Amino acid sequence: PDQRFPVYQGPGEDYGRSGNGKATVSTNDWIEVFGRYDDYIMIQYDINAEQYRIGWIEATALPKGADVPDLSFEMLDQRLTRDCILTDDPLKSEKKILSLKKDTQVRSLADFGEHFYIEVTVDGKTYWGFVDADCVTKG
């Protein structure tokens, strides 16, 4: 209890942080764990009643003995089919991290039905986040 951990936009410190660079999760609040990728854990937590965030914390933040499944991603190179936004909250607010232009090169990581989880590099900075499914060609 009473611990806080930085939340990154991808599995590593190089991905930056949402919330004006201050995204942090508290162990006193609700946290959903999706799985492990390298030395990072993909989580979801609530900011408030209208906004969630999906991001990454260091695996060392987990309690000792926590059993977390490994995650794997598709890593398919694709282009966006239309202008869209990148978000870390596909379920509630869909708050924008970035605006992305049609034909932007992305790497599709996973298909979540109504959203795709993608990797994109803009101005030399790499982000992982969600776009509407119709922004990426399926298949």
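Residues numbered from 1 in each chain as written. Predicted model: local features only at pLDDT ≥ 70, side-chain atom pairs only at ≥ 80, totals over all residues. Heavy atoms only, no water.

Describing a negative patch on the surface
Inference 1: A grouping of Glu13, Asp14, Asp38, Asp39 and Glu58 is seen on the molecular surface, where their side chains present a negatively charged patch.
Inference 2: With respect to the element layout, Asp39 can be found in the loop between strand E3 (31-37) and strand E4 (40-48).
Inference 3: Assessed through its relative accessible area of 57%, Asp39 is described here as exposed. (Patch = residues over 30% accessible without salt bridge, like charges linked within 9 Å, V, L, I, M, F, W, Y side chains within 5 Å. Areas by Shrake-Rupley, 256 points an atom, 1.4 Å probe, with all protein chains shown as cover. Salt bridge = Lys/Arg side-chain N within 4 Å of Asp/Glu carboxyl O. Lys, Arg positive; Asp, Glu negative; His and termini not counted. Charge placed at Lys NZ, Arg CZ, Asp CG, Glu CD. Helix = DSSP H or I, 4+ residues; strand = E, 2+ residues; numbered from the N terminus. Buried < 20%, exposed > 50% of the residue type's maximum accessible area, 1.4 Å probe, protein only.)

Some remarks on the pattern of salt bridges
Inference 1: Scanning the model with the defined rule gives 5 salt bridges in all.
Inference 2: Counted as one network, the salt bridges with shared partners bring together Asp77, Arg107 and Glu119.

Some points on the environment of Lys22
Inference 1: Considering the arrangement of structural elements, one finds Lys22 in the loop between helix H1 (18-21) and strand E2 (24-26).
Inference 2: Lys22 gets classed as exposed once you look at its relative accessible area, which sits at 63%.

A look at the sheet that holds E3
Inference 1: With antiparallel pairing, the 3 strands of this open sheet are ordered in space as E3-E4-E5. The outermost strands of the open sheet, each flanked by one partner alone, are E3 and strand E5 (51-58). Averaged over neighbouring strand pairs, the angle between their axes works out to 25° when direction is ignored. (Pairing = 2+ DSSP bridges. Axes fitted to C-alpha atoms, helices over the stretch in contact; angles between N-to-C directions.)

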